[in-house]
Amino acid sequence: MNEIDFIKERIKFGKHVLKLRRTIKSVEYENRLMSQQELADRSDYINKKTIGQIERGEVNVQFETLLALAQVLNISLKELLDY
């Protein structure tokens, strides 16, 4: 069986989340993309620090956080995990 490089997978997932966030226009600032802070503000569950850690691949994301991210990004959990 092949070994999984968990660090590499966290980094790939984080880049995917960053890419998804950067596809959403900011409602706070015209002609800008959504910031980490704005994403955090739209969620009752995730803070800016956690979003940064996810995007940098520094944390092992909990299931509840995945659900909250998908909801805030307005995508399905399947789409979020399709990195």
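Please read all numbers here as calculations on a predicted model, not as lab measurements.

### Notes on the layout of surface pockets
Roughly 250 Å³ of internal volume is contained in the largest pocket. As for the largest pocket, its lining consists of Phe-6, Glu-9, Arg-10, Phe-13, Val-59, Asn-60, Val-61, Leu-66, Leu-81 and Tyr-83. Top element by residues in the lining of the largest pocket is helix H1 (residues 6–21). It accounts for 4 residues.

### As for the nonpolar core
Nonpolar side chains tend to gather and get buried jointly when the protein is soluble and globular. Of all hydrophobic cores here, the largest spans 17 residues; its most connected members are Phe-13, Val-17, Leu-39, Leu-69, Leu-73 and Leu-80. Counting residues per element, this core draws most heavily on helix H4 (residues 63–73), which supplies 6 residues. Filtering out sequence-adjacent residues up to four positions away, Leu-69 remains in contact with Val-17, Leu-39, Ile-46, Ile-54 and Leu-80.

### Examining the side chain of Ser-43
Position of Ser-43 relative to the elements: it lies in the loop between helix H2 (36–42) and helix H3 (48–55). Judged by relative accessible area, Ser-43 falls into the buried class, the value being 9%. Here Ile-46 takes part through its backbone nitrogen, which lies 3.0 Å from a polar atom of the side chain of Ser-43. Sequence-distant contacts of Ser-43, defined by excluding residues within four places in its chain, comprise Ala-68 and Val-72.

### Let's talk about H3
For H3, the full list of buried residues reads Ile-51, Gly-52, Ile-54 and Glu-55. Burial along H3 is one-sided: seen end-on, the buried residues are contained in an arc of 160°. Here the buried face of H3 lies against H1, H2 and H4. A distance of 3.2 Å separates the backbone nitrogen of Lys-49 from a side-chain oxygen at the start of H3, and that oxygen is part of Asn-47. Positive phi appears at Gly-57, one or two residues downstream of H3, with a value of about 75°.

Analysis parameters
- The written sequence of each chain sets the order in which its residues are numbered from 1.
- In view of the model being predicted, local features appear only for residues whose pLDDT reaches at least 70, and side-chain atom pairs are presented and counted only at 80 or more, with totals across whole chains, interfaces and linings using the full set of residues.
- Hydrogens and water are ignored here; the side-chain numbers use all heavy atoms of the structure.
- Buried and open spaces are told apart on a 1 Å grid over the protein atoms alone, a cavity being a set of points where a 1.4 Å probe fits but cannot get out and a pocket being an open set with protein on both sides within 12 Å along at least five of seven lines. Residues with an atom within 4 Å of a point are the lining residues.
- Grid points are joined across faces, edges and corners, and a volume is the space filled by probe spheres set on the points.
- Counting from the N terminus, the helices are DSSP H or I runs at least four residues long and the strands are E runs at least two residues long.
- The set of buried Ala, Val, Leu, Ile, Met, Phe, Trp, Tyr and Cys residues whose side-chain atoms join them within 4.5 Å is what this entry labels a nonpolar core.
- Type-normalised accessible area, obtained with a 1.4 Å probe on protein chains alone, sets the label of each residue: buried when under 20%, exposed when over 50%, and partly exposed for intermediate values.
- We call two residues in contact whenever any of their non-hydrogen atoms come within 4.5 Å of each other.
- Any N or O atom pair separated by 3.5 Å or less is treated as a polar contact, with the protein-specific requirement of one donor-capable and one acceptor-capable atom, and with residues adjacent in sequence counted only for side-chain atom pairs.
- What the arc covers is the set of directions going from the helix axis to the C-beta atoms.

As far as function goes, none of this settles anything; it's purely spatial.
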